[in-house]
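These are the residues of each chain, in order.
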Amino acid sequence: MGTLSRDDRRQFWFFMLVALVVLAAGMGLRDPWPPDEPRFTLIARHMVESGNWLFPHRGMELYSDKPPMLMWLEAGAFELLRSWRIAFLLPSLLAGLGTLALTYDLGRRLWNPRVALFAAIALLSSLQFVEQVKRAQIDPLVMFWITLGNWGLIVHFLRGPNWRAYWLGCFAAGLGVITKGVGVLALLMVLPYLFARRQRWEGVTVTEGAGWRWAGGALAFFLAIAVWLAPMLIGAYASGEPRYMAYVHDILFRQTAERYANSWQHEEPFWFFGEVLIRDWFPLCLLYIAAVPRWWKAFRERDARVFLPVVWLLLILVFFSIPRGKREVYLMPGLPMMALAVAAYLPEWIRTRWLRTLCLALAAIAGVVLFGGGLWALFGHPRFATRLADRELADGGRMFWTALTLMGACFLAAIAWMRLRRGPAALLIGMGAAWVCWSLLVYPQFNDSESAAGLMRKVDQRVGQDGEVGLVAWREEHLLQTHRPVTEFGFAQSWPLQIQRALAWQAGAPEHRWIFLNGEALWSCVDRAKAVNLGTVNRYQWWMFRAEALIPGCKPPAQGAPTAPPPEA
């Protein structure tokens, strides 16, 4: 950032400090929450405890749904910090901050520091960006690698030739692949570049006699993939074990091309991402109607700075819309390019009355609803508030409703401070303060139920000092939150098979061994009057029982049904 003035650098670092406060608020106050966080943290913990970082394990089974990049980073963070509550969220936090810095730098290079700051603010304001960066899922890390790939390619394509940036971009795309296969999408930026180059647009990099340098991008891409793929293949084939061969086949074929062509989860209609662009990308969605004419004008004027990110965004939108399986987070890597595509016009738009009024009205609605609703729940005790408190909250819900009230107050205070002339600032300040309040006050309230920590404490207390626990039809958070060594009988195995194995295990010491299982797997051979109902956590009812609860002569369920649910995508 050598070309930035002192004021520009000060503004950038102040923005990054604000981003750190918003994104890091709540770290250390909660454990991993389903559906994905406990799985990745459990695998990372196994890496640390077993020393096997090459082949991820979920309990006794190999985990082949995703490459191990995120789990490596979580395990590495734990080795440095020795705290899982911090370590499991640290990769997402760093990925989010890195994505903001890359977005700023691209805006600075393509336009100027003012546009760059608007691009970074637009990204940080997006609901999906903050929500996902505050979680320990793979998608923030994928977003970072794809954005780094886009950064390297765009710098070379529009501010080049810059071969180091190009090679770095290709290498980052490869790292994206070994994080989640879609990292390769960064390379789609080549398509709009080739079009602009063929049409001889001004400012587009043209090279002559540089074939080997262009080919170096492919080498960098495959070199990054080989960081994981080569030792994994060597280790699998050297072992000669069938389960490692199955792992290789599943992760390289079934979880990539087959999952894309014949999705077996999260089936949604073709237009699903239209809802995501409006709901999850708020408040960027407020700018779409104003942006489309400007983008069209930029295309006609051959402005590649707008053309490349917008066309790339359209390409990934089409790519993810084709398969039946869709999730909101799939489109998340497109957020930085969307922020860049609107940032050039934001200095003009924020001075318009329509945007100021709209943002102020939305901030007012959020403030009144949250503040009023929170006070009503605190002092009016409506039925829905009582039901939620009884089911999820330990203190009758007072802290939760207080948090909502404070969030509403933040919006109202921002409006009073900024007023109509700075309506967009009032909305963004209110949103940022609300995220901080939510993270600091609500995370601790929901942690016991969401993480299953409270449930597993009940289990520990019930079985006593000499008791043993066997897990059937379990979820990753249960194995992660256990306070003693436990026995499990596979995760992906069918529930009847797990039950049969668990009964054989329990028969070895019937007075001391308890079976813990999902209520949906509790079969008719168990006398519920003699079993222990642990309550409902994360939408499922959980039970445990000793051998005395089994009805004599009753046979366990045969193979066929029910079966364990497939892992999350």
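Residues numbered from 1 in each chain as written. Predicted model: local features only at pLDDT ≥ 70, side-chain atom pairs only at ≥ 80, totals over all residues. Heavy atoms only, no water.

## Section: the environment of alanine 425
Point 1. Structurally, alanine 425 can be placed in helix α21 (residues 423–441).
Point 2. With 281 residues separating them in the primary sequence, alanine 425 and phenylalanine 144 have C-alpha atoms 26 Å apart. (Helix = DSSP H or I, 4+ residues; strand = E, 2+ residues; numbered from the N terminus.)

## Describing the packing of helix α10 (residues 190–198) against helix α15 (residues 304–321)
Point 1. Where α10 contacts α15, the axes come no closer than 8 Å and their chain directions differ by 135°. One element, α10, and the other, α15, form an angle in the oblique class. Like other packed secondary-structure pairs, α10 and α15 cross with a definite hand, here right-handed. Packed against α10, whose contacting residues are Leu191, Pro192, Tyr193 and Phe195, the element α15 presents Phe307, Leu308, Val311 and Leu315 at the interface.
Point 2. Per-class residue counts for the contact of α10 with α15 are eight nonpolar, no polar and no charged. (Axes fitted to C-alpha atoms, helices over the stretch in contact; angles between N-to-C directions. Parallel < 35°, antiparallel > 145°, perpendicular 65-115°, else oblique. Left-handed = near helix turned anticlockwise from the far one by under 90°. Contact = heavy atoms within 4.5 Å. Nonpolar A, V, L, I, M, F, W, Y, C, P; charged D, E, K, R; others polar.)

## A word on the side chain of glutamine 132
Point 1. Mapped onto the elements of the fold, glutamine 132 is located in helix α7 (residues 127–133).
Point 2. Setting aside residues up to four positions removed in sequence, glutamine 132 forms contacts with Gln137, Pro140, Val329 and Met332.

## Observations regarding the packing of helix α5 (residues 90–110) against helix α16 (residues 335–343)
Axes are the key here: two packed helices are described by the angle between their axes and the distance separating the axes.
Point 1. Two elements in contact, α5 and α16, have axes whose closest approach is 10 Å; the angle formed by their N-to-C orientations is 30°. Note that α5 runs across α16; the crossing there is right-handed. Residues Thr99, Thr103, Leu106 and Gly107 of α5 touch α16, and the partners they reach there are Pro336, Met337 and Leu340.
Point 2. Class assignment for the residues of the contact of α5 with α16 results in four nonpolar, three polar and no charged.

## What about the packing of aromatic side chains?
Point 1. A complete count under the given rule lists 32 aromatic pairs for this structure.
Point 2. Between the aromatic rings of tyrosine 345 and tryptophan 349, the centroid separation amounts to 5.5 Å while the plane-to-plane angle is 40°, which identifies the pairing as tilted.
Point 3. The buried category is assigned to tyrosine 345, whose relative accessible area is 11%.
Point 4. Members of the aromatic cluster, connected to one another through ring pairs, are Phe157, Trp163, Tyr166, Trp167, Tyr193 and Trp214.
Point 5. Its guanidinium or amino end placed over the ring of phenylalanine 40, arginine 39 lies 5.8 Å from that ring's centre, counting from NZ or CZ.
Point 6. Between the NZ or CZ atom of arginine 243 and the centre of the ring of tyrosine 244, over which it lies, the distance is 4.7 Å. (Phe/Tyr/Trp six-rings, centres within 6.5 Å; stacked < 30°, edge-to-face > 60°. Buried < 20%, exposed > 50% of the residue type's maximum accessible area, 1.4 Å probe, protein only. Lys NZ or Arg CZ within 6 Å of the ring centre and 35° of its normal.)

## As for the state of the cysteines
Two cysteines, two sulfur atoms, one covalent bond between them: this is a disulfide.
Point 1. Applying the stated criterion across every chain, the model contains one disulfide.
Point 2. Across the disulfide from cysteine 525 sits cysteine 554; the S-S distance is 1.9 Å. Where cysteine 525 bonds to cysteine 554 through sulfur, the torsion about that S-S bond is close to -70°, and the disulfide is left-handed. Taken together, the residues cysteine 525 in the loop between β5 (513–518) and β6 (532–537) and cysteine 554 in the segment after β7 (540–545) connect sequence positions 29 residues apart.
Point 3. Taking relative accessible area as the criterion, cysteine 525 reaches 2% and is therefore assigned buried.
Point 4. A disulfide-free cysteine, cysteine 285 has its sulfur positioned 10 Å from the sulfur of cysteine 359, the nearest such atom.
Point 5. Under the relative-accessibility criterion, cysteine 285 is labelled buried at 16%.
Point 6. Free of any disulfide, cysteine 410 has its nearest neighbouring cysteine sulfur in cysteine 437, separated by 3.8 Å. (Disulfide = S-S within 2.5 Å.)

## Describing the pattern of salt bridges
Point 1. Taken as a whole, this structure holds 23 salt bridges when the rule is applied.
Point 2. Here glutamate 476 makes a salt bridge to arginine 39, at a shortest N to O gap of 2.8 Å. Of this pair, glutamate 476 sits in helix α24 (residues 476–481) while arginine 39 sits in helix α2 (residues 37–50), and the two are 437 residues apart along the sequence. An identical accessibility class is assigned to glutamate 476 and arginine 39; each is buried.
Point 3. A salt bridge links arginine 305 to aspartate 303, with the nearest nitrogen and oxygen atoms 3.0 Å apart.
Point 4. Among the residues examined, arginine 305 registers a relative accessible area of 26% and is labelled partly exposed.
Point 5. Because the salt bridges share partners, they merge into one network encompassing Asp36, Arg39, Arg58, Arg327 and Glu476. (Salt bridge = Lys/Arg side-chain N within 4 Å of Asp/Glu carboxyl O.)

## Focus: unusual backbone geometry
Point 1. A cis amide bond links proline 34 to the next residue, proline 35, at an omega of 10°.
Point 2. As for its position among the elements, proline 35 is in the loop between α1 (6–24) and α2.
Point 3. Between glycine 160 and the following residue, proline 161, the backbone shows a cis peptide bond with an omega angle of 5°.
Point 4. Considering the arrangement of structural elements, one finds proline 161 in the loop between α8 (138–159) and α9 (163–177).
Point 5. The backbone of arginine 82 shows a phi angle near 60°, a positive value even though the residue is not glycine.
Point 6. The topology assignment puts arginine 82 in the loop between α3 (69–81) and α4 (84–87).
Point 7. The phi dihedral of arginine 539 falls on the positive side, at around 75°, and the residue is not glycine.
Point 8. For arginine 539, the location among the structural elements is in the loop between β6 and β7.
Point 9. For arginine 539, a relative accessible area of 75% translates into the label exposed.

Read these as layout, nothing more, since geometry by itself doesn't imply function.
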